[in-house]
Structures are given as C-alpha cells and as structure tokens.
Amino acid sequence: MRRKTRTPPAPLPQRHGVDPVRVRLPATGTWGTVREHLVERLSGAGTGVVDGMFDAGRIVGADGRPVAADAPFVPGMFVWFHRDLPDEVPVPFPVEVVHRDEHIVVADKPHFLATTPRGGHVAETALARLRRELDLPALTAAHRLDRLTAGLVLFTVRPEERGAYQTLFRDRRVRKEYEAVAPHTPALALPRTVRSRIVKERGVLTAREVPGEPNAVSRVELVEHRDRPDGPGGLARYRLAPATGQTHQLRVHMTALGVPILGDPLYPEVTAPGAAGDFRRPLQLLARCLEFTDPVTGEEHRFRSGRVLAAWASYDRWAAGAYDGPSDGQ
C-alpha cells in the first residue's frame, strides 16, 4: 500500500488574507527543470511572468528558500509562490459576524462578494476579509455561497476540524433556509416540493434541467405577497428550503416554476454582465437560516441573517438601482 505523502506547511505567509499557491510537481514527466514545468503548467500567465518570478526569488521550496530557474525537476517536489493579485473593485458592504467561538465563525455575507478566492475575486472575498479583520489566518470555509447571493456562511477556525464541519454539508445534516423575492403568480399552487435533475457543464454560465433521476430537491413556500408598485402583476416573498446543493439549484427551480428571482442575470435569460463596481439591483436571494448540531461540541446551533432584501423593503428604490454607499441596505 502506497504511503500518502505529507504536504509540508506553507513556507510563505498569507498576503492580504490570501494563501500562497502550492504546486506539487508530477510523479512523472519529461521536464528537465522546475522552470520548464511551471512555464507549461502556468502557460496562461506567459513565459515572461514565470521567469520574472524566478528572477525575483518569488518561487520557493519547502524550506522557504528561492528555487533557481535551472533547478532540476524532482518528481513530487512542492513549490510555493504568490500570484500577482488582480485589480479588484472593493465591494462596499460589510461582512457581518453573526457568531464566533473557538471553533467556528458564522458570517452574514453581502451580495456581490465571493465566499472564497477564485478567478478575478481574490482579496475581495469573504474569507480573505475575515482573515484580515478577525486576525484568523487559519480560517477556512466549510461551504460556499454564490457571489451574487447574500446571507449566512459557515467558516472553521481550526484546520484540523474543517473536515468535521464539511461532512455536515456533504451528508445533508445542515438545515438551510433561503428567502427570495420574485413575481407572484396566483395560479401557482404552493407549497410544493420541486424535484428535477440539474446539470452544470464546465465553461457554461447556466445550469439546466435534463431528463433523468432527480438530483435536486427544493421546498418552495409562499410567505406573503402584495401588488407590484410599478404596474400590473404581484410581488411575493418566498421561503426556499433546498434538500440538495446543486449549482444554481434554487434559481433554476424558481425559473422552472415561472417565478424567476428578481435581479437574476442568468435566469431565465443571460444578460450582459454589469460593469465592475456596479452594485445596483442585487439578486434577491438570501441564505436566511442555518441549523445544525455542532460535530465538535454537540451544541445545537440556529443562526439567522439580519438582512432585508431590498426589493421587498423598497421595490421602487431597488428597481431604480438606488445605492447610497456602504451604509445603504441590501
């Protein structure tokens, strides 16, 4: 039985709350040097960028010392480096901490802020912000919430306990409740449980329903409704309880029911992406509640977001794209 190689600790500190990139060289290959492999592996960055990182001593080994560009390729070797951070427009809304103890942090994430570093969102993410603001460099996310969705996210304080909390989500032992604002259709019989098969293909913006065994289950309930102030048709507030966690599941199911969530740039139709810094008309979807039994302490937790969806609080202002700055509610 092959022994699992232990990953050495990162020899570089975090930068702006972001971990260094770790690369493990493959077990086999025809590369003669570390540089040759990284130039191929990081082809999107360009040869000049990789060479510049070597010249500046920014690529280091497990001992924290710079790796020379002509260092021989060693199968299984680890190297670390920090990527250049992308230019990011700060998301001008705070991440509210709902709960904090020695094991977990529960945060109330605003719309437009990614949960964890990915793509062009790195330092402007909930994880990086909380690491900086709470001085918790080992903080990690137990699950993710879409960048456009606001609400509760669970983070773990101790790396050795992260798996226990992630298992809660994997085994569906977390009760999640969402809130959405969408059109009201009197003919739509609610409450109901929606079951379908959803697939999300890599490189495609939207997910879609296809024939087959259901892998996505959502409970949809009508909370209240009222007339829409800008014309005919009603507006409603819905309670959504997903039993599964497929990508864009609630957005796909609400669209399939004929009541797409307000502010959705992907469903029912893909619209042009907003310009960087455009924080108007956020998606009216909120992760309202999280309930679970703590796997470490055994404590029963029930957390609730304090946010109010803007289209329900003041539809006219939301529809007009009114935004008065960081203090403006979402």
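Residues numbered from 1 in each chain as written. Predicted model: local features only at pLDDT ≥ 70, side-chain atom pairs only at ≥ 80, totals over all residues. Heavy atoms only, no water.

(A) Examining the nonpolar core more closely. One finds L139, F155, Y238, L240, M254 and L285 to be the most contacted residues of the largest nonpolar core, which totals 37 residues. Every element with two or more residues in this core is listed here: β4 (104-109), α3 (126-134), β6 (150-156), β7 (175-184), β11 (234-242), α5 (249-256) and β12 (285-293). Among the elements that make up this core, the one with the highest residue count is α3 (4 residues). Membership of the second largest hydrophobic core comes to 15 residues, among which are W31, L42, F73 and F81. (Core = buried A, V, L, I, M, F, W, Y, C linked by side-chain atoms within 4.5 Å. Buried < 20%, exposed > 50% of the residue type's maximum accessible area, 1.4 Å probe, protein only. Helix = DSSP H or I, 4+ residues; strand = E, 2+ residues; numbered from the N terminus.)

(B) Molecular detail of unusual backbone geometry. In this structure, the amide linkage connecting L190 to the following residue, P191, adopts the cis form with an omega of 5°. Among the structural elements, P191 can be located in the loop between β7 and β8 (192-199). Even without being glycine, F112 reaches a positive phi, approximately 75°. Within the fold, F112 resides in the loop between β4 and α3. Classification of F112 as buried rests on a relative accessible area of 12%. Phi at R281 is positive, roughly 45°, even though this residue is not glycine. Mapped onto the secondary structure, R281 falls in the loop between α5 and β12.

(C) View of helix α1 (residues 34-41). Along α1, the residues classified as buried are V34, H37 and L38. Viewed end-on, α1 has its buried residues packed into an arc of 95°, placing them on one side of the element. Taken together, the buried residues of α1 touch β1 (21-24), α2 (47-55) and β2 (78-81). (Arc of directions from axis to C-beta. Contact = heavy atoms within 4.5 Å.)

(D) Here's a closer look at the pattern of salt bridges. Following the criterion strictly, the structure yields 22 salt bridges and no others. Its salt-bridge partner being R173, residue D171 comes within 3.7 Å of it at the nearest N-O pair. Looking at D171, the relative accessible area reads 36%, which means it is partly exposed. One continuous salt-bridge network, built from bridges that share partners, spans R175, E177, R219, E221, R239, E291 and R302. (Salt bridge = Lys/Arg side-chain N within 4 Å of Asp/Glu carboxyl O.)

(E) Looking closely at empty space enclosed by the protein. Across all of its chains, the model carries 1 cavity of 30 Å³ or more by this definition. Approximately 40 Å³ is the volume attributed to the largest cavity. Every element with two or more residues in the lining of the largest cavity is listed here: β7 and β12. For the lining of the largest cavity, the residue count by class is 6 nonpolar, 1 polar and 2 charged. (1 Å grid on protein atoms, 1.4 Å probe; cavity = no way out; pocket = protein on both sides within 12 Å on 5 of 7 lines; lining within 4 Å. Points joined across faces, edges and corners; volume = space filled by probe spheres on them. Nonpolar A, V, L, I, M, F, W, Y, C, P; charged D, E, K, R; others polar.)

(F) The arrangement of the packing of α1 against α2 in detail. For the pair α1 and α2, the least separation of the axes is 9 Å and the interaxial angle reads 140°. Classed by the angle they form, the pair α1 and α2 counts as oblique. Helix-helix and strand crossings are classified by hand; for α1 and α2 the assignment is right-handed. Facing α1, whose interface residues are V34, R35, L38 and V39, α2 presents T47, V50, D51 and F54. For the contact of α1 with α2, the class distribution of residues is 5 nonpolar, 1 polar and 2 charged. (Axes fitted to C-alpha atoms, helices over the stretch in contact; angles between N-to-C directions. Parallel < 35°, antiparallel > 145°, perpendicular 65-115°, else oblique. Left-handed = near helix turned anticlockwise from the far one by under 90°.)

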